[in-house]
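# Residue-level structural notes
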Amino acid sequence: MKIRAAVLEEMGLERPYAKSLPLKIQEVDLDGPGPGEVLVKMAVAGLCHSDLSVIDGNRPRPLPMVLGHEASGIVEEVGDYVEDLKPGDHVVFVFMPSCGHCAPCSEGRPALCEPGAEHNGKGDLLTGATRLSRNGERLLHHVGVSSFAEYATVSRRSLVKIDPEIPLDVAGLIGCAVLTGAGAVFNTGDVKPGGTMAVVGLGGVGLAALIGAVAAGSETIVAIDRLDSKLAFARELGATHTFNADDPDVTAKVREATKGGVQAALEFAGSAKALEFSYAITRRGGTTITAGLPHPKAMMSIPAVSLVAEERTLKGSYIGSGVPSRDIPRFLNLFRRGKLPVDKLLTHRLKLDEINEGFDRLSDGSAVRQIVEFP
Ligand SMILES: NC(=O)c1ccc[n+]([C@@H]2O[C@H](COP(=O)([O-])OP(=O)(O)OC[C@H]3O[C@@H](n4cnc5c(N)ncnc54)[C@H](O)[C@@H]3O)[C@@H](O)[C@H]2O)c1
Ligand SMILES: [Zn+2]
Ligand SMILES: [Zn+2]
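Residues numbered from 1 in each chain as written. Chains lettered and ligands numbered in written order. Predicted model: local features only at pLDDT ≥ 70, side-chain atom pairs only at ≥ 80, totals over all residues. Heavy atoms only, no water.

Applicable threshold: UniProt positions are given in the numbering used here, feature names are shortened, and annotations may be inferred rather than shown by experiment.
The protein chain appears in an unreviewed UniProt entry as Alcohol dehydrogenase from Rhizobium aquaticum. For the protein chain, the Cofactor (unreviewed entry) comment in UniProt is given as "Zn(2+)".

Put into structure tokens, the structure is as follows:
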């Protein structure tokens, strides 16, 4: 079938993207689902910094590729052997398909699926197929999803079915921002009520973590960003203290305000500098969790002995260290009961043709979560 999609041909174009147009809105061909695959009509697709990192070359991917990975939609058609989904079902996309039988999948860690990571690296589906093309030329899939398009054909294992009563715009944010942010709090951090925590980097992912920390009952929530506008928003969402990351005395100020540092610092800025800072504001016995994705060449340095003598912990968190088929319904239930108001993350609604302007807004921090709506 013919569909409209946002194709990335070249990384590293200059901003403003509204002028350089890294994402070309084009008519492309999409094949229907093969065995184990599903054709989904897109409802909404969120703009995440991980898409921007492909556009600006910080997270290089093979090209040409149809970008987008945070989305919701409605099943249109299922391929052979797909027995648990049918046309009309509402689904959320997950950007790491899980095979269900490799070593990490067997250990209950589908976010680390080995074949999933391999196929995501190559730009094809978990089934090994590619279903997108343009004038006979193959186009690659972004992390098995490619949601900046009117329809997507994906592996069954890139989808989680959801309750059709949940608004599809909120559901769209669950697959990346909320799974990652709230998952880092509940799964990676195992945050208990009453503690002291910090969120560093207040984009869609960091603010989803902040909303999660409020739900988890954290007593002191310190929010840090380079933009004062983000600090003000964080206070509205429940941050008890806010600090600007560019203040030269910020480390000392956070340590003082929290009487020796936070129990857990969660980093969602995507830079090694922000990660080192997050480590520096944790207390003796504290845990630093990082979900930001810096350039592959970025290195960090920490005083090695502090891990031992201060029993400090440093943990990575990918897709919130979770099990999407368990966590997506859990987080949506918390949303429905008003405990996880992640709809507040949604600041802009766009048409597909406005997507380059959307990435300018994401780059300069004037938006939190923006979604492309598909009619
Ligand atoms: N681990 C995962 O599974 C996963 C999933 C999604 C996104 N990510 C990554 O998480 C990061 C955040 O994504 P997002 O969509 O929320 O991005 P975003 O651009 O919306 O937010 C990033 C925020 O960090 C702030 N920031 C930048 N440098 C900072 C610094 N030195 N100190 C404090 N704040 C700083 C920015 O002002 C901005 O508000 C990105 O690196 C993204 O690639 C990881
Ligand atoms: Zn994302
Ligand atoms: Zn696996």
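### Some details on the sheet that holds strand 16 (residues 313-316)
Applied cut-off: Paired strands, as defined in this entry, are two strands with at least two bridges between them according to DSSP. Numbered from the N terminus, helices here are DSSP runs of H or I no shorter than four residues, and strands are runs of E no shorter than two. Every axis corresponds to a line fitted to the C-alpha atoms, with the helix fit spanning only the stretch in contact, and the corresponding angles, defined between N-to-C directions, vary from 0 to 180 degrees.
Ordered by their spatial adjacency, six strands build an open sheet running 13-12-11-14-15-16, and the pairing between neighbours is parallel. Of all strands in the sheet, those with a lone pairing partner are strand 13 (241-244) and strand 16, marking the two edges. On average, adjacent strands in this sheet sit at an angle of 15° to one another, irrespective of strand direction. Relative to strand 15 (residues 282-290), strand 14 (residues 262-267) runs parallel, the two being bridged by five bridges. Residue pairing in the sheet places leucine 266 in a bridge with isoleucine 289 of strand 15.

### Digging into the domain arrangement of the protein chain
Accessible area lost upon the coming together of the parts is a frequently used measure of interface size. We apply this condition: Domain start and stop positions are those given by an automatic or database domain assignment. Contacts are residue-level and defined by heavy atoms, with any inter-residue pair within 4.5 Å sufficient. For any pair of parts, buried area is found by adding up, for both, the accessible area (1.4 Å probe) each one loses once the two are put together. Whenever a nitrogen or oxygen atom comes within 3.5 Å of another N or O atom, the pair is scored as a polar contact, on the condition that within protein one atom can donate a hydrogen and the other can accept it, and that pairs from neighbouring residues in sequence are kept only if both atoms are in side chains. Amino acids are sorted into nonpolar (Ala, Val, Leu, Ile, Met, Phe, Trp, Tyr, Cys and Pro), charged (Asp, Glu, Lys and Arg) and polar (every other residue, Gly among them).
The domain architecture assigned to the protein chain consists of domain 1 (2-176 + 321-373) and domain 2 (190-316). Taking only C-alpha atoms, the centre of domain 1 and the centre of domain 2 are 28 Å apart. At the interface, 17 residues of domain 1 touch 16 residues of domain 2. Regarding the contact of domain 1 and domain 2, the summed buried area is about 1200 Å², with carbon and sulfur atoms giving 70% of it. When the buried area of domain 1 at its contact with domain 2 is split by residue, Asn58, Leu345 and Val368 rank highest and sum to 34% of it. At the boundary of domain 1 and domain 2, one finds zero residue pairs in polar contact (both at pLDDT 80 or more). Class assignment for the residues of the side of domain 1 that touches domain 2 results in seven nonpolar, five polar and five charged.

### Quick notes on the side chain of glutamate 70
To keep things clear, this is the line we draw: Remark: exposure states derive from per-residue accessible area (1.4 Å probe, protein chains only) relative to the maximum for the residue type, with buried under 20%, exposed over 50%, and partly exposed in between.
Residue placement: glutamate 70 occurs in strand 5 (residues 70-78). Relative accessible area serves as the criterion here: at 0%, glutamate 70 is assigned to the buried category. From its side chain, glutamate 70 meets the backbone nitrogen of alanine 177 in a polar contact 2.9 Å long. Residues contacting glutamate 70, with those up to four places away along its chain left out, are Val44, Ala45, Gly46, Leu47, Ser147, Gly172, Leu173, Cys176, Ala177 and Arg369.

### Regarding the coordination of the zinc ion (ligand 3)
Coordination angles at a metal have ideal targets, namely 109.5 degrees for four tetrahedral donors and 90 or 180 degrees for six octahedral donors. Rules: Think of the donor list as every N, O and S atom within 2.8 Å of the metal, or within 3.2 Å for Na, K and Ca; water never makes the list, so a site can look incomplete. Under this scheme a four-donor centre is tetrahedral when all angles range from 85 to 135 degrees, a four-donor centre is square planar and a six-donor centre octahedral when opposite donors are above 155 degrees with the rest from 65 to 115, and any other centre is irregular.
Taken together, the protein donors to the zinc ion (ligand 3) comprise Cys99 (SG), Cys102 (SG), Cys105 (SG) and Cys113 (SG), at separations of 2.3 to 2.4 Å. For the zinc ion (ligand 3), the four donor atoms are set out with angles of 105 to 119° between them, so the coordination reads as tetrahedral. For the zinc ion (ligand 3), all donor residues lie on one chain, and their spacing in sequence is C-x2-C-x2-C-x7-C. Side by side, cysteine 102 and cysteine 105 carry an identical accessibility label, which is buried.

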